[in-house]
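Fold and geometry: a report
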Amino acid sequence: VPQDPMDFEWSYWIEWGREHILWLLAGHLLVSQVSRLLVEKYKPWCLMVYGMAACWLLLGIKGFAVILLHATISFAVAQFQLSVLTWLCSLTLLSTLRIPAVEEAKRKWYDTENEYYLLLFTLSVRCLFCTSFSLEYCWHGPAQKSSHSFLWMLAYVFYYPTFHNGPLMNFDEFSKQMRSQEAFSLKINLRILMVGIMRIFFWWCLAELMIHLMYIHALYNSAPPLEAASYWALGGLALAQVLFFYVKYLVLYGVPALLLQMDGLKPPALPCCVSLMHSFTKMWRSFDVGLHRFLIRYIYVPMGGSQSSLLGTLISTALTFAFVSYWHGGQSYLWYWGALNWLGVIVESGVRKILSVSPIQDLI
């Protein structure tokens, strides 16, 4: 049965995975286990060198240089220890990915469009990592600068399992876990690896089955069937699409999460099943846990969050969703998506506060 070709993301990452990325991740696993066994103290630097080599191999010298340049600029700006300046730098670097002349120049570095997109996706994710490191640098005093050196930034930015597509892990968690030297058992690690591979293989088979038999995305790209369908059928199609999205990310985040475990790190929790969700807030908290932690720690809480006035909460939530929309590409449909999510979260929060008032509680 031919597969539904309309889901670009799945086809794209599966193709890259088969050809290159899975082999490079296997190489990372080997380097990680050998370094944990023989030179635990130097594990972060062994993995950093491997990540840089893998980046060079896949993205070429120019792609590697651009990522290194982004990291260097972010680190240089972080020296001023001003969060506002760090955010301006991050947003400026992110905006350079959308300048047509820069896009055209980068496209010329590669033979295929897919290679250019790999650089684009990698730079977008690296931008979040650079932002996390730089803000942590701004917030920590001189006594903790040794654990926030440029070398540690490179170890974090070039950590290969999360390199191309995430999941996101904030620098404070990464450095704390990477520096703690836990007891290492090859036997236990092998057991974790085998169970993890079986689970990921099951999810991959399920995703392939859905994309070969359900044609959800092809239907979404064709107006006549949608116009002819009843509201119940449209609801079913919408549910089928988000369920496929969930299974897809179990695979795309499951592979790096398994490698994080093998490295002795605790990965962000994998997405929670969308069928168990009944609120916007829960969806944001438990689908992409790494991104949620980033947004809360670096945008929502510093802007006041739920501890500020009603207007302050509205603004901090709006800024959080505005950043998410801009980071994902900033197209008009993403601004609508962000605005609707913002509205959903605000309405839920308002209803929750109304229901918590004692007269309403007594009535309930």
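Residues numbered from 1 in each chain as written. Predicted model: local features only at pLDDT ≥ 70, side-chain atom pairs only at ≥ 80, totals over all residues. Heavy atoms only, no water.

1. A short note on the packing of helix 2 (residues 43–78) against helix 5 (residues 113–139)
At a minimum axis distance of 9 Å, the contact between helix 2 and helix 5 shows a crossing angle of 20°. Judged on the interaxial angle alone, helix 5 and helix 2 are roughly parallel. As for how helix 2 packs across helix 5, the hand of that crossing is right-handed. On helix 5, the residues that touch Leu58, Leu59, Gly63, Val66, Ile67, His70, Ala71, Ser74, Phe75 and Ala78 of helix 2 are Glu115, Leu118, Leu119, Thr122, Leu123, Arg126, Cys130, Phe133, Ser134, Tyr137 and Cys138. Looking at the contact of helix 2 with helix 5 residue by residue, the class counts come to 14 nonpolar, 5 polar and 2 charged. (Axes fitted to C-alpha atoms, helices over the stretch in contact; angles between N-to-C directions. Helix = DSSP H or I, 4+ residues; strand = E, 2+ residues; numbered from the N terminus. Parallel < 35°, antiparallel > 145°, perpendicular 65-115°, else oblique. Left-handed = near helix turned anticlockwise from the far one by under 90°. Contact = heavy atoms within 4.5 Å. Nonpolar A, V, L, I, M, F, W, Y, C, P; charged D, E, K, R; others polar.)

2. Observations concerning the packing of aromatic side chains
Evaluation of the coordinates by the stated rule reveals 36 aromatic pairs. Note on Phe245 and Phe287: the rings are 5.5 Å apart at their centroids and 15° apart in plane angle, and the pair reads as stacked. Note that Phe245 is positioned in helix 11 (residues 231–262) and Phe287 in the loop between helix 12 (280–286) and helix 13 (289–300), a separation of 42 residues in sequence. Seen in terms of ring centroids, Tyr249 and Tyr253 are 5.0 Å apart; in terms of plane orientation they differ by 80°. Their pairing is edge-to-face. Here Tyr249 and its partner Tyr253 are both found in helix 11, 4 residues apart, which amounts to about one turn of the helix. Take Tyr249 and Tyr253: they sit in the same class, and that class is buried. Chaining the aromatic ring pairs together yields one cluster made of Phe75, Phe129, Phe133, Tyr137, Phe150, Tyr156, Tyr159, Phe171 and Phe174. The aromatic ring of Tyr326 is capped on one face by Arg98, whose charged end is 4.6 Å from the ring centroid. The ring centre of Phe129 lies 4.0 Å from the NZ or CZ of Arg126, which sits over that ring. (Phe/Tyr/Trp six-rings, centres within 6.5 Å; stacked < 30°, edge-to-face > 60°. Buried < 20%, exposed > 50% of the residue type's maximum accessible area, 1.4 Å probe, protein only. Lys NZ or Arg CZ within 6 Å of the ring centre and 35° of its normal.)

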